[in-house]
Amino acid sequence: MNAHQKIIFSCSPTSNPVGSDARAKLLKDPGFGRVFTDHMAVVRYDSAKGWHGARIESRANFPLDPATAVLHYAQEIFEGLKAYTRDDGGVNLFRPDANARRFRDSAERMAMAPLPEAVFIEAVEQIVRIDRAWIPGGEGSLYLRPFMIASEVFLGVKPSAEYIFAVIASPVGSYFKGGPAPVSIWVSENYTRAAIGGTGAVKCGGNYAASLRAQAEAIEHGCDQVVFVDAVERRYIEELGGMNIFFVFDDGSLSTPPLGTILPGITRDSIIALTRDAGTVVREEPYTIEQWRKDAASGRLKEAFACGTAAVISPIGKVCSVNGDFLISGGAAGPVAMGMRKQLVDIQYGRAADPHNWIRQVL
């Protein structure tokens, strides 16, 4: 099966869907990642058959042998994207092709069977179609979680010969109640996220597991998020625990850390494209924690913000570390971050022009 080949999904709708009244109650305040829809997509792989058995079925537990490879050697990757309801009642996906490419790249790095991009997109669209009633109104959306696990039963250290690819869906409300509030971040001195040659550019569970202790340290210091520096010199800003980062300067230019050890975020890439469309300079270059502190004090740095699928954009108001704290833009959300957030969200919901053809209309 080549990278663009389609696969036919059989569909077995659940015989016991959540009732409309119960669903409406859940959608009033779904939070993030705690409420799930009725169905899931599943496709299986083994080295003899390739990808096969594509199905849309009731969301249910996987039966796993205690020796299943993912439980021991962490061959696992995932993605995150959203479905948005347009004003005309239709449903949009935002850049699912980019998620499909990154998923394939992640599989290659983790020595897993690469999933054809067309199968990834078809699985996502099928779930949106069958569970569209779960998409909340207003600024809510349907968060889609495609993932793949190594499912062969063995204890030898080698790539698995069997995999399960699945997509589950979770209705989510607005990430920020009352609008985006500036977050405080803790500079991690004791832990690093990734190194050259590692898996920093891969969306695998191990990267996030490795960040949890640093995130806990941030919480212990009264901060919302952690930001990591590079593993070699321990000076260069890389990214937050689950988000990329941008800096806005007094000449109107933006900078963001270069790719290599960080996740190639789709929101990050979209911000770069839209900013350059407007004629603004965006640099992808190293930036040290010392320079960040100095530029914030001098006024050269006007804003800093984090970005990702879940929150879209989070302004950064305060940076804390063992060397002392400092504010950015007086601790307030800045106009560049908020303007870029509105521009992105309006494209996602179909309220603004889509100059790069990022929107895929599912319904």
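All values reported here derive from a predicted model rather than from experimental measurement.

Peer 1: Run through the overall build of the protein chain, naming residues and quoting values.
Peer 2: The secondary structure content of the protein chain amounts to eight helices and 18 strands. Against the globule reference of 21 Å for 363 residues, the protein chain gives a C-alpha radius of gyration of 21 Å, in line with a compact fold. C-alpha atoms of the protein chain, sized along the principal axes, occupy 60 × 50 × 35 Å. In the protein chain, once contacts between residues fewer than 6 apart in sequence are set aside, the share between residues at least 24 apart is 72%. Of the roughly 15,800 Å² that the protein chain leaves accessible, carbon and sulfur atoms contribute 51%.

Peer 1: Could you give me a rundown of the environment of T68, with the residues and numbers involved?
Peer 2: As for its position among the elements, T68 is in the loop between β3 (50-58) and α2 (70-73). Beyond its immediate sequence surroundings of up to four residues, T68 is in contact with A150, S151, E152 and V153. A polar contact is formed between the side chain of T68 and the backbone oxygen of D65, at a distance of 2.7 Å.

Peer 1: Which residues make up the pairing of strand β10 (residues 225-229), and what values do they have?
Peer 2: Across the five residues that make up β10, a large majority, four, are buried. Pairing geometry for strand β9 (residues 183-187) and β10, over three bridges, is parallel. Looking at the pairing, W186 lines up with V226 of β10. Viewed along the sheet, the connection from β9 through helix α5 (residues 205-220) into β10 turns out right-handed. As paired elements, β10 and strand β11 (residues 237-240) share two bridges and run antiparallel to each other.

Thresholds applied
Residues numbered from 1 in each chain as written. Predicted model: local features only at pLDDT ≥ 70, side-chain atom pairs only at ≥ 80, totals over all residues. Heavy atoms only, no water. Helix = DSSP H or I, 4+ residues; strand = E, 2+ residues; numbered from the N terminus. Rg over C-alpha atoms; globule rule 2.2 N^0.38 Å. Contact = heavy atoms within 4.5 Å. Areas by Shrake-Rupley, 256 points an atom, 1.4 Å probe, with all protein chains shown as cover. Polar contact = N/O pair within 3.5 Å; in protein donor to acceptor, adjacent residues only side chain to side chain. Buried < 20%, exposed > 50% of the residue type's maximum accessible area, 1.4 Å probe, protein only. Pairing = 2+ DSSP bridges. Right-handed = clockwise from strand over helix to strand, strands pointing away.

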